[in-house]
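# Observations on the three-dimensional arrangement
Chain residues, written in single-letter form:
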Amino acid sequence: MIERTLTIIKPDSVEKKNVGAIIAHLESEGFEILAARMTRLSEAQARAFYEVHKERPFYNDLVAYMTSGPVWPMCLQREDAIGYLRKVMGATNPAEAEPGTIRALYGESIERNAIHGSDSPENAAGEIAFFFPTADLA
Ligand code: ATP
Ligand code: MG
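All of the points below concern the structure found in this document. Computed from a predicted model, the values in this text were never measured in an experiment. (Residues numbered from 1 in each chain as written. Chains lettered and ligands numbered in written order. Predicted model: local features only at pLDDT ≥ 70, side-chain atom pairs only at ≥ 80, totals over all residues. Heavy atoms only, no water.)

### Observations concerning the overall build of the chain
Counting its regular elements, the chain contains seven helices and four strands. Overall, the chain shows an N-to-C arrangement of helices and strands of β-α-α-β-α-α-β-α-α-β-α. In terms of overall dimensions, the chain is globule-like: its C-alpha atoms have a radius of gyration of 14 Å, near the 14 Å expected for 138 residues. The principal-axis extents of the C-alpha atoms in the chain amount to approximately 35 × 35 × 25 Å. Residue burial in the chain is summarised as follows: out of 138 residues, 49% are buried. Looking at charge distribution, the chain has the averaged site of its 14 positive side-chain charges lying 4 Å from that of its 20 negative ones. (Helix = DSSP H or I, 4+ residues; strand = E, 2+ residues; numbered from the N terminus. Rg over C-alpha atoms; globule rule 2.2 N^0.38 Å. Buried < 20%, exposed > 50% of the residue type's maximum accessible area, 1.4 Å probe, protein only. Lys, Arg positive; Asp, Glu negative; His and termini not counted. Charge placed at Lys NZ, Arg CZ, Asp CG, Glu CD.)

### Remarks on the nonpolar core
As a rule of thumb, soluble globular proteins bury nonpolar side chains together. In terms of nonpolar packing, the biggest core is built from 19 residues, with Leu6, Ile8, Met66, Cys75, Phe131 and Phe132 touching the most fellow members. Only β1 (2-9), β2 (32-36), α3 (43-49), α4 (59-66) and α7 (121-131) provide two or more residues apiece to this core. Once you skip the residues sitting within four places of it in the chain, Leu6 turns out to touch Phe49, Met74, Cys75, Leu85, His116, Gly117, Ser118, Glu127, Ile128, Phe131 and Phe132. Counting 18 residues, the second largest nonpolar core, distinct from the first, contains Ile9, Val19, Ile22 and Val88. (Core = buried A, V, L, I, M, F, W, Y, C linked by side-chain atoms within 4.5 Å. Contact = heavy atoms within 4.5 Å.)

### Observations concerning the site of ligand 1
Surveying the vicinity of ligand 1 reveals 14 residues, the closest of which are Lys10, His53, Thr92, Glu111 and Asn113. In the environment of ligand 1, an oxygen atom lies 2.9 Å from a nitrogen or oxygen atom belonging to the side chain of Lys10. Within the side chain of Asn113, an N or O atom sits 2.9 Å from an oxygen atom of ligand 1. Taken by itself ligand 1 offers 580 Å² of open surface, and the protein chains cover 82% of this. Among the secondary structure elements, those contributing two or more residues to the shell around ligand 1 are α5 (81-89) and β4 (115-117). Taken together, the residues that form the shell around ligand 1 break down as five nonpolar, five polar and four charged. (Near = heavy atom within 4 Å. Polar contact = N/O pair within 3.5 Å; in protein donor to acceptor, adjacent residues only side chain to side chain. Areas by Shrake-Rupley, 256 points an atom, 1.4 Å probe, with all protein chains shown as cover. Nonpolar A, V, L, I, M, F, W, Y, C, P; charged D, E, K, R; others polar.)

### Re the pairing of β1
Walk down a regular strand and you will see the side chains alternate between the two sheet faces. Summarising burial for β1: six of the eight residues are buried, a large majority. By the bridge criterion, eight bridges tie β1 to strand β3 (residues 72-79) in an arrangement that is antiparallel. Residue pairing for β3: Thr7 is matched across the bridge by Met74. Examined bridge by bridge, β1 and β4 share three bridges and lie antiparallel to one another. In the sheet register, Ile8 faces β4, and the bridge partner there is His116. (Pairing = 2+ DSSP bridges.)

### Focus: the sheet that holds β2
Neighbouring strands of a sheet are bound in pairs by backbone hydrogen bonds; such pairs are parallel or else antiparallel. With antiparallel pairing, four strands are arranged side by side in an open sheet as β2-β3-β1-β4. The strands lining the two open edges of the sheet, one partner per strand, are β2 and β4. Within this sheet the neighbouring strands show an average axis-to-axis angle of 30°, counted without direction. Its contacts with the sheet place α5 against β1, β3 and β4, and it is angled at close to 40° to β1. (Axes fitted to C-alpha atoms, helices over the stretch in contact; angles between N-to-C directions.)

### Brief notes about the environment of Asp119
Structurally, the position occupied by Asp119 is in the loop between β4 and α7. Residues Asp119 and Arg86 lie 33 residues apart in sequence; the distance between their C-alpha atoms is 7.3 Å. A polar atom in the side chain of Asp119 sits 2.6 Å from the side chain of Asn123.

Read these as geometric descriptors, not functional statements.
Structural data, given as structure tokens:
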């Protein structure tokens, strides 16, 4: 099934100038970019985006990291986009990610792990709407 998902190229990737390589990697895996922009998350936006993790010990650090520099949210489309993006990203901890995955290639730690990907159809829909009004999608 053709699906849409939401990715965010995270601040560590922007800092290290890996944005172009990550977009090229996603395009080479068949993802079509329906919307993209560069932005800087406010603390309120980062808290809201990662609200599911608010009880976790790493929540405050995660919010600080995600607001530490610009990010690139993008809406991607592909066959099985949600599951396939998770596969192409690799495990949360880059040290455990399959060789060749984006996190293995560009991530540096369990927190600074290069990229975000939606984890379910419900969250994908909510996260796409969080960043892009429907009218902005190609
Ligand atoms: P994402 O939601 O960003 O795609 P994920 O679904 O692989 O990543 P989650 O469990 O949803 O992982 O965690 C969200 C983010 O919180 C991770 O990507 C990482 O940046 C950070 N994080 C997760 N676990 C830890 C941890 N144990 N210590 C520090 N940061 C963590
Ligand atoms: Mg997640």
